[in-house]
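# Descriptive structure summary
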Amino acid sequence: RIEVETDPSPFLGMESEMPVPAPAQGAPAQMQRSGTLTEIFKKKDENEHAQKVIDLVATRDAIKNWPKLRKGYGDLFFWLMFVSLYCVVLIIQQQVENSFIIDEALRSAVVDEGGALQEVSSQGDFFDYLEETIMPNVFPAEWYNGDTYNQDETGYILDYNKLVGGLLIVQTRGTKELCNNPMFESMPSMYSGWYRDCYSSQRVQDDTRHTLEARTAGDVPWQSGWQADAVGSTPYYFMEEAPPENVNATRSDPTLGNFWKGFTYNETYQGFASFLAVADSTAVNLAKVQALRKFRWLDNYTQKVEIRFAVYNGLLEMFTFVKIEFGYSRSGVFRSFNTQDGTRVDIASMKMEPYRIGTTSLNMGDSIQLALEIIMTVLIFYQIANFLRNIFIPDKIEGEEDEEPASIFDIWLIVDIANYTCFVLYIVLRLQLITTILEKYIVVPTSDYQLVLEEAYQATTTQLLVSFFNILLCLCRCFKFYRFQPRLAVINQTLNKSMSDLYHFFLMFLTFLAGFGVMTHILFGPQLQYFSTMLLSISTGWMMMLGGGLDRIAPMAYVNEAMGLIYFLIFMFGVNILLLNILLAILVEGYQAAKNELDKLYDAEDDNSKIPTMVSDISIIFRHMMTYGSCSDNVIRQSVKRLIEDHELEEATLEDLFAVIPEQVKVNNTLTMDKLWKHPSLIAKEEEDEEDEGGDAGSQLELSSQVASHKSLAAKKSKPVKFTSSEEKLLSQIEGLLSENEDLHAKYDTWVKDQKHHKLKAA
């Protein structure tokens, strides 16, 4: 028998409920009768639940795990919602769909990226491309039917994109050097007298050796460097002022405009720049380009040439700049398209009025964007403050002991710090971008190329780079929030158990990849562009390993048939078959070890259903949410703890559980057995015997099952139960009475059937 507890000290701190007041004196009889009937039915329910057998151990575990479960899913849900908000804000800010529409149109219809641009290899090809492709597309003069544009129609590209300022051409120039550098005079080349002039990669504006009275505001010469008049003569430093003598003589020619400025250094554009203004006629701009060709604006000193222009699309409310770069190589041609320092096209679009603050045209999209950004910023700093607090004062889970503060070498602490640092950098870069836009807003019409677009693009690119790593860290942090759920935590445990083998494997893998990269670089690099550098060789090997670069095998065989075949066979076997399968085996072994450990923890070697799933967890959460009028978790926790520790029980009836709760706690919380039974963490013991429908027979079977239950409970206890002789005698008498009672019930059933038979016969 469980004695009634009177000490309420372990139960202190529980939430008390207001007691239900009794009906007032003189209340209507119907109300009193209703209250009496309610009490009767309530008492009946309590009597029905009183003998329910509760699995104390399972109930204790359920109460212990509930705070972890609630906090785990709460943190995971909040984190996923926060990361989703961050991604939505990024998508809205970048206007990706509109940017792609403009980018695709300009690349295909104006730049002709897949056609004429690919054919530019020499300096003459550059001018052909400029005059025949760029000029007609950037400065269109007539409609498709031959009608000339009027004043309002001039300056539009592809109907809806208005040219901002005009077209800018910028050249970066180098300096001239002697192939037989003076510092190596003791060991001169045998060909230095035959091939004397070389050109340095140093930019002419970075050469501090020239001091001259320039013809323009700048002091950067058109040409400069070392020169020797004859073999064996002393080299000397020379320079030619900008613009050159023959170009300077044409300044007064009105038909050529101000093309001569293209031969002078422009500090703003960091090069020798020529601007073709949209305000000038198409004929004047074309004459400038032809004059640049005539006076050899491009020569041996040229290192790089750029074509830049910007447009504004009022329908999409976006500014877009286009920059086409041509890198001149030491082989005497422009480098191939989309290669390192070669020909490439950069197109970027952005909103220069992100919020339209201070105007009456603040549309709904801008309002939503601003509201989401403010909410996200507040959440970021809220999480940072909460993170800093948890470093020194970790969150305490109800029913758990206090945790020690995380070590500075904890991997999750490092990931958290890196993640929050990226969030702060994102906010700082966003503010810098807004500041740049507000301070250097574009004033139209203009006669200059607007560099603020490129500055905004660089700030946006940096912000996107930070966001890339930030999203990657956010995805990594998801694994941190998976740790509370055992089936989700298997991935964490798999990586943890495989880590030692993984970094040894990757050391060997990188050695193989670098070795094959050297082989392809020296064998096929001189003829094939994707093996021309060491970095390209390694990246191509990586693509081939993943199955994306197998089309390179045929060109390799064309260069060297035997070595191409040998390389293919060795690489496919050594990397694709051997190493990748070893990697798979390491991960499978780690997963199996993690899975076995999980099965052992939940005693689920034979029954995998014992391990909690997300479906079972959600059902528990739903059950807690839909339960009303029950007692607090602490009442159940302390009651179960007393039965397990003080009375050494693993099972008990609901009546026993109710008995250990102090009367003061019951009164303060208006606690009843019905409330206790409603608690979602209570786990009833499954009954092994089925109940009969008859009243006395059902009671008989219930009593028998209780006796069997007590016997099984005694057998399960760690300490064997010893009965005294009197207890053994009493137990034997009870069993005899039960047997005799069963016989009496059988005789009674027979007598009842006979009586019914006689009555029916008499009738």
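Residues numbered from 1 in each chain as written. Predicted model: local features only at pLDDT ≥ 70, side-chain atom pairs only at ≥ 80, totals over all residues. Heavy atoms only, no water.

From N to C terminus, the protein chain includes 20 helices and 12 strands. Per-residue burial over the protein chain gives 38% buried out of 763 residues. Long-range pairs, those at least 24 residues apart, make up 70% of the contacts in the protein chain with a sequence separation of at least 6. Total accessible area computed for the protein chain in this model is approximately 45300 Å², and 59% of it derives from carbon and sulfur atoms. (Helix = DSSP H or I, 4+ residues; strand = E, 2+ residues; numbered from the N terminus. Buried < 20%, exposed > 50% of the residue type's maximum accessible area, 1.4 Å probe, protein only. Contact = heavy atoms within 4.5 Å. Areas by Shrake-Rupley, 256 points an atom, 1.4 Å probe, with all protein chains shown as cover.)

Now for the confidence of the model for the protein chain. Per-residue confidence for the protein chain gives a mean pLDDT of 81, with 82% of residues at or over 70. Looking at the elements of the protein chain, mean pLDDT is at its lowest for helix 19 (residues 695-716), recorded as 45, and at its highest for strand 9 (residues 302-313), recorded as 95. Note on residues 14-38: pLDDT is under 50 here. Beyond four places in sequence and across chains, it has 18 contacts. (pLDDT = per-residue confidence, 0-100.)

Here we come to the nonpolar core. Within the largest apolar cluster, 49 residues are counted, with the highest numbers of intra-cluster contacts made by Phe126, Tyr129, Trp297 and Ile324. Breaking this core down by element, the ones donating at least two residues are helix 3 (96-111), helix 4 (123-138), strand 3 (161-178), strand 8 (271-277), helix 6 (282-294), strand 9, strand 10 (318-327) and strand 11 (344-350). In terms of residue count, helix 4 provides more of this core than any other element does, 7 residues in total. Residues within four places of Trp297 in sequence aside, it is in contact with Phe127, Ile169, Val170, Gln171, Arg173, Trp222, Gly262, Phe263, Phe272, Leu292, Thr302 and Val305. Ranked by size, the runner-up nonpolar core spans 22 residues in total, among them Val640, Leu649, Phe658 and Leu671. (Core = buried A, V, L, I, M, F, W, Y, C linked by side-chain atoms within 4.5 Å.)

Moving on, we get to the packing of helix 10 (residues 486-524) against helix 13 (residues 561-601). The relative placement of two packed helices comes down to the angle between their axes together with the axis-to-axis distance. Close contact between helix 10 and helix 13 brings their axes to 7 Å; oriented N to C, the two are set at 170°. Classified by the interaxial angle, the pair formed by helix 10 and helix 13 is roughly antiparallel. Of the residues in the contact of helix 10 with helix 13, the class split is 25 nonpolar, 6 polar and 3 charged. (Axes fitted to C-alpha atoms, helices over the stretch in contact; angles between N-to-C directions. Parallel < 35°, antiparallel > 145°, perpendicular 65-115°, else oblique. Nonpolar A, V, L, I, M, F, W, Y, C, P; charged D, E, K, R; others polar.)

A word on the state of the cysteines. In a disulfide, the sulfur atoms of two cysteines are covalently bonded to one another. According to the stated counting rule, one finds 0 disulfides in the structure shown. With no disulfide partner, Cys87 has as its closest neighbouring cysteine sulfur the one in Cys474, 7.3 Å distant. (Disulfide = S-S within 2.5 Å.)

In terms of burial, strand 10 is largely enclosed, as 10 of its 10 residues are buried. A two-sided burial pattern is seen for strand 10, the buried positions comprising Met318, Thr320, Val322, Ile324 and Phe326 on one face and Phe319, Phe321, Lys323, Glu325 and Gly327 on the other. Hairpin connection, strand 9 to strand 10: the antiparallel pair is bridged by 4 residues, and Glu317 has positive phi, about 55°. Examined bridge by bridge, strand 10 and strand 11 share 7 bridges and lie antiparallel to one another. Across the sheet, residue Glu325 finds its bridge partner in strand 11, namely Arg344. (Pairing = 2+ DSSP bridges.)

Our next topic: the side chain of Glu325. Within the secondary structure layout, Glu325 lies in strand 10. Other than its neighbours up to four places away in sequence, Glu325 contacts Lys304, Val305, Glu306, Gly342, Thr343, Arg344 and Asp346.

What follows concerns the packing of helix 2 (residues 56-94) against helix 14 (residues 614-625). Put simply, helix 2 and helix 14 touch, their axes get as near as 11 Å, and they point 105° apart. One way to sum up the angle between helix 2 and helix 14 is to call them roughly perpendicular. Where helix 2 abuts helix 14, its residues Trp66, Leu69 and Tyr73 lie against Met614, Asp617, Ile620, Ile621 and His624. Split into classes, the residues belonging to the contact of helix 2 with helix 14 amount to 6 nonpolar, 1 polar and 1 charged.

A few words on the pattern of salt bridges. Counted by the stated rule, this structure contains 25 salt bridges. Taking the shortest distance from any N to any O, the salt bridge between Glu131 and Arg293 comes out at 3.2 Å. Here Glu131, found in helix 4, pairs with Arg293, found in helix 6; they are 162 residues apart in sequence, far enough to count as distant. According to the relative accessible area criterion, Arg293 is partly exposed, its value standing at 33%. The salt bridge partner of Arg477 is Asp416, with a shortest N-O separation of 2.8 Å. Here Arg477, found in helix 9 (residues 452-481), pairs with Asp416, found in helix 8 (residues 411-439); they are 61 residues apart in sequence, far enough to count as distant. (Salt bridge = Lys/Arg side-chain N within 4 Å of Asp/Glu carboxyl O.)

Maximum bend of helix 10: about 60°, positioned at Met499. The distance from a side-chain oxygen at the start of helix 10 to the backbone nitrogen of Arg487 is 2.8 Å, and the residue carrying that oxygen is Gln485. (Bend = angle between axes of the 7 residues up to and from the residue. Polar contact = N/O pair within 3.5 Å; in protein donor to acceptor, adjacent residues only side chain to side chain.)

It is worth spelling out a nonpolar patch on the surface at this point. On the surface, Met508, Phe512, Phe573, Ile577, Leu578 and Ile582 cluster together to form a nonpolar patch covering roughly 520 Å² of accessible area. Of all the secondary-structure elements, those providing two or more residues to the nonpolar patch are helix 10 and helix 13. When residues of the nonpolar patch are assigned to their parent elements, the largest contribution, 4 residues, is made by helix 13. Its location among the elements puts Met508 in helix 10. (Patch = residues over 30% accessible without salt bridge, like charges linked within 9 Å, V, L, I, M, F, W, Y side chains within 5 Å.)

All right, on to helix 2 then. Given a rise of 1.5 Å per residue, 39 residues ought to cover 57 Å, and the 57 Å separating the end C-alpha atoms of helix 2 matches this to within 8%. At the N-terminal end of helix 2, a side-chain oxygen is found 3.3 Å from the backbone nitrogen of Val57, two or three residues along, and the residue is Asp55. Immediately downstream of helix 2, the backbone of Gln95 shows phi near 50°, a positive value. (Expected span 1.5 Å × (residues − 1).)

Within this structure, the stated rule accounts for 35 aromatic pairs. Here the aromatic residues Trp79, Phe82, Tyr86, Phe423, Tyr426 and Phe481 are joined through ring pairs into a cluster of three or more. Note that Arg173 overlies the ring of Trp222, its terminal NZ or CZ placed 3.6 Å from the centroid. Lys666 extends its terminal NZ or CZ atom over the ring of Phe658, reaching a point 3.9 Å from the ring centre. (Phe/Tyr/Trp six-rings, centres within 6.5 Å; stacked < 30°, edge-to-face > 60°. Lys NZ or Arg CZ within 6 Å of the ring centre and 35° of its normal.)

Quick look at the side chain of Thr302 now. Take Thr302: it is sitting in strand 9. For Thr302, a relative accessible area of 5% puts it in the buried group. Polar side-chain contacts of Thr302 include one of 2.6 Å to the side chain of Gln171. Filtering out sequence-adjacent residues up to four positions away, Thr302 remains in contact with Gln123, Gln171, Thr172, Arg173, Trp297 and Tyr328.

To continue, consider the environment of Pro136. Checked against the element boundaries, Pro136 lands in helix 4. The exposure class of Pro136 is partly exposed, given its relative accessible area of 40%. Taking the C-alpha atoms as reference points, Pro136 and Leu286, 150 residues apart in sequence, are found 9.7 Å from one another.

Now for the environment of Asn258. With respect to the helices and strands, Asn258 occurs in the loop between helix 5 (245-248) and strand 7 (265-266). Asn258 gets classed as partly exposed once you look at its relative accessible area, which sits at 32%. Note: C-alpha distance between Asn258 and Val284 (26 residues apart in sequence) is 9.8 Å.

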